[in-house]
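# Inside the fold
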Amino acid sequence: MSSSSPSATPVCLVIRWPRGVAASSGPAQLLRRLVEDCLPATWGVETIEQAATLDTAIHLVEAALLIPKINAATAGDAIADGLHRFNAAGHEVATLCVDAELPRGQVERQLAQQGVQAIVAVSAASDSGAVRPLPFGIWQLAPQGTLPSQRRWFRRVGGVPQDFFSAAAGPTIASIDLAAIGSTDSRGWREMEKAIDQAATASDQGQIRIATIADLTAELTRQSAAKPQRSILRAA
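Residues numbered from 1 in each chain as written. Predicted model: local features only at pLDDT ≥ 70, side-chain atom pairs only at ≥ 80, totals over all residues. Heavy atoms only, no water.

All told, the structure shown has six salt bridges when counted by the stated rule. Taking the shortest distance from any N to any O, the salt bridge between R16 and D99 comes out at 2.5 Å. Of the two residues, R16 sits in strand 1 (residues 9–17) while D99 sits in the loop between strand 4 (95–98) and helix 4 (108–113), which places them 83 residues apart along the sequence. Judged by its relative accessible area of 14%, R16 falls in the buried class. With relative accessibility at 38%, the residue D99 sits in the partly exposed group. (Salt bridge = Lys/Arg side-chain N within 4 Å of Asp/Glu carboxyl O. Helix = DSSP H or I, 4+ residues; strand = E, 2+ residues; numbered from the N terminus. Buried < 20%, exposed > 50% of the residue type's maximum accessible area, 1.4 Å probe, protein only.)

Turning to the side chain of R209, a few remarks are in order. Position of R209 relative to the elements: it lies in strand 10 (residues 208–210). With relative accessibility at 17%, the residue R209 sits in the buried group. A polar contact of 2.7 Å, which involves the side chain of R209, links it to the side chain of E219. (Polar contact = N/O pair within 3.5 Å; in protein donor to acceptor, adjacent residues only side chain to side chain.)

On to the packing of helix 1 (residues 27–36) against helix 6 (residues 187–204), then. Between helix 1 and helix 6, the shortest axis-to-axis distance is 12 Å and the interhelical angle comes to 15°. When the interaxial angle is binned, helix 1 and helix 6 end up roughly parallel. Here helix 1 and helix 6 pass one another in a crossing that is right-handed. Residues Q29, L30, R33 and L34 of helix 1 pack against W189, M192, E193, I196 and D197 of helix 6. (Axes fitted to C-alpha atoms, helices over the stretch in contact; angles between N-to-C directions. Parallel < 35°, antiparallel > 145°, perpendicular 65-115°, else oblique. Left-handed = near helix turned anticlockwise from the far one by under 90°. Contact = heavy atoms within 4.5 Å.)

Bringing the pairing of strand 2 (residues 41–45) into the picture now. Taken across its five residues, strand 2 has five buried, putting it largely inside the fold. Residue alternation in strand 2 divides its side chains into two sets, A41, W43 and V45 and T42 and G44, and both sets are buried. Taken together, strand 1, helix 1 and strand 2 constitute a β-α-β crossover, and its handedness is right-handed. With five bridges joining them, strand 2 and strand 3 (residues 61–67) adopt parallel strand pairing. Paired with G44 across the bridge in strand 3 is A64. Handedness of the strand 2-helix 2 (residues 48–54)-strand 3 crossover: right-handed. (Right-handed = clockwise from strand over helix to strand, strands pointing away. Pairing = 2+ DSSP bridges.)

A few words on the packing of aromatic side chains. The full count for this structure, using the stated rule, is one aromatic pair. Ring geometry for W17 versus W43: centroids 6.0 Å apart, planes at 70°, classification edge-to-face. Here W17 is found in strand 1, whereas its partner W43 is found in strand 2, with 26 residues between them in sequence. For W43, a relative accessible area of 1% puts it in the buried group. (Phe/Tyr/Trp six-rings, centres within 6.5 Å; stacked < 30°, edge-to-face > 60°.)

Below you can see the structure in the form of C-alpha cells.
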C-alpha cells in the first residue's frame with residue numbers, strides 16, 4: 001500500500017501497447033503486476049479490443065489513444081477516426097500518445113472539443129520542460145525516459161539510475177514501449193521489472209506518487225485556474 005502524500009512528486013507510467021503485440025505475450029502479465037503493486041498507469045492502445053482488456057483494472061488504468069505514426073498532413077483525420085471509434089464503443093479518451101509533436105495551431109481546438117486533455121509526445125524543443133500548456137486547455141507531456149534503455153537514462157549497471165524515481169522538482173514521465181521491450185524472458189523485460197520495482201518502492205516510501213496522465217493533467221488544470229485567483233487576492 002502506497003504511503004505517498006499529495007505533495008509528493010507525481011510520476012506517470014505511460015505504456016505504449018501497439019496492436020501488433022498480443023496481450024498474451026506480455027501486456028497481460030504486466031497489467032497483473034501493476035495491479036498487484038497498486039500502481040496506476042496510462043496505456044496507449046490502438047484498438048477497442050485492447051481497451052476492453054484493460055477494463056478489468058479500470059480503477060488503476062487510463063486507456064489512451066495510441067497513434068504510432070503521425071503524418072502532419074493527415075494527423076487530424078487519423079486522430080479524429082481513432083477518437084470516434086473509441087467514443088462509439090463507450091471509451092472516453094482524455095490522452096493521446098503520439099510518436100512526434102503534432103503541428104501547432106491545427107488540431108488543438110478539435111481535440112479539446114472531443115474531450116482530449118493531454119498529448120504525450122517527444123517535444124521538438126529540447127529546452128522545453130516535460131510539461132507545457134497548449135491552446136484550449138490541452139497539456140503536452142514529454143517523457144524524460146523510455147524503456148527499453150535509450151542513451152543515458154538507464155544505466156546498464158543495475159538497470160536503472162538510482163535517482164529517477166526519487167523526489168524531483170516537477171512531474172516525471174516514464175514511457176514503456178512494449179513492442180521494443182520484447183518477450184517476458186528478454187533483457188528489456190527484466191530491465192522494465194527493475195524499473196517497476198524501483199517505482200513501487202519509491203511510492204511506498206512516500207517519495208513519489210504514481211498517477212495517470214489524466215489525473216496529472218486534471219491537477220495541472222486546477223492549479224493553473226487557481227493562479228489568477230491568488231494573484232487577485234494578493235493585489236487586494
